[in-house]
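So the chains spell out like this:
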Amino acid sequence: MDFNMSDRQKDWLNRVQSFMHKHVRPAVPIYKQQDEAGERWKVIPVLEELKKKARAEGLWNMFMPPSSHEDDEFRGAGLSNLEYAPLAEEMGHIGWASEVFNCSAPDTGNMEVLMRYGSKEHKKQWLKPLMNGEIRSAFLMTEP
């Protein structure tokens, strides 16, 4: 397998690295301070600010690979898993960074399931707000 990066991969990686260096890394102390203040379960303001910046720069839903199930209303960045892997590695240097780019679990897996198997109604009710970063999701599993 050829692991040399294409120009497209290099461009995406450079964009993510630049955003991480310019915005995410400097926000680590602020995130820590906001996370430690108040209740345990809360929205972290600096995280929400970073999400807006990332989305404005087109660094959003990068995890979602091309799919025959997508349409113009529901579409990710169109990167393959191989193209996305170095971006995920870069985001993984800071535990909460993937959420900045709307690429954090369990939302990513749930969006892929909704994209592939959800009805149009499911997609409008759940996938669209997940892709827009308006809601978060959960994964639960039971055993027989």
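Source: prediction; values computed, not measured.

### Comments concerning the nonpolar core
Core analysis: the largest hydrophobic core is formed by 34 residues, its most contacted members being M62, L87, M91, W96, V100 and F101. Looking at this core, the elements with two or more residues in it are α1 (7-36), α2 (45-56), α3 (81-91), α4 (97-100), α5 (107-117) and α6 (120-131). It is α1 that provides the largest number of residues to this core, a total of 8 residues. Excluding anything up to four places from it in sequence, F101 contacts V16, F19, M20, A54, L59, W60, N61, M62 and M91.

### Examining α1
Here α1 spans 41 Å end to end across 30 residues, near enough to the 44 Å set by a 1.5 Å rise per residue. The axis of α1 is deflected most strongly, by about 50 degrees, at V28, and proline P29 appears within four residues downstream. All of the buried residues along α1 are Q9, W12, L13, V16, F19, M20, H23, V24, A27 and Y31. Where α1 is buried, its residues contact α2, α3 and α4. Phi turns positive, to about 75 degrees, at G38, one or two residues after α1.

### Quick word on unusual backbone geometry
For the bond running from A105 to P106, omega is 0 degrees, close enough to zero to count as cis. You can see P106 is positioned in the loop between α4 and α5. In the Ramachandran plot, N61 falls in the positive-phi region, its phi being about 50 degrees despite a non-glycine side chain. You can see N61 is positioned in the loop between α2 and α3.

### Quick notes on the pattern of salt bridges
Between side chains of opposite charge, a pair can form as their charged atoms come close. A complete count under the given rule lists 6 salt bridges for this structure. Residue E83 is joined to R8 by a salt bridge in which the shortest nitrogen-to-oxygen separation is 2.9 Å. One end of the pair, E83, is in helix α3; the other, R8, is in helix α1, with 75 residues separating them in the sequence. Residue E83 is classed as buried on the basis of its relative accessible area of 16%.

### Description of the packing of aromatic side chains
All told, the structure shown has 2 aromatic pairs when counted by the stated rule. Ring geometry for F19 and F101: centres 5.4 Å apart, planes at 65 degrees, overall edge-to-face. A residue pair is termed long-range when its members are at least 10 positions apart, and F19 in helix α1 and F101 in the loop between α4 and α5 qualify at 82 residues. Residue F19 shares its accessibility class with F101, and that shared class is buried. For the ring pair Y31 and W96, a centre distance of 4.3 Å and an interplane angle of 10 degrees mean the geometry is stacked. Of this pair, Y31 sits in helix α1 while W96 sits in the loop between α3 and α4, and the two are 65 residues apart along the sequence. The pair Y31 / W96 is uniform in exposure class, with both members buried. Just above the ring of W12 sits the side chain of R15; from NZ or CZ to the centre is 4.5 Å.

Conventions we followed
Residues numbered from 1 in each chain as written. Predicted model: local features only at pLDDT ≥ 70, side-chain atom pairs only at ≥ 80, totals over all residues. Heavy atoms only, no water. Core = buried A, V, L, I, M, F, W, Y, C linked by side-chain atoms within 4.5 Å. Buried < 20%, exposed > 50% of the residue type's maximum accessible area, 1.4 Å probe, protein only. Helix = DSSP H or I, 4+ residues; strand = E, 2+ residues; numbered from the N terminus. Contact = heavy atoms within 4.5 Å. Expected span 1.5 Å × (residues − 1). Bend = angle between axes of the 7 residues up to and from the residue. Salt bridge = Lys/Arg side-chain N within 4 Å of Asp/Glu carboxyl O. Phe/Tyr/Trp six-rings, centres within 6.5 Å; stacked < 30°, edge-to-face > 60°. Lys NZ or Arg CZ within 6 Å of the ring centre and 35° of its normal.

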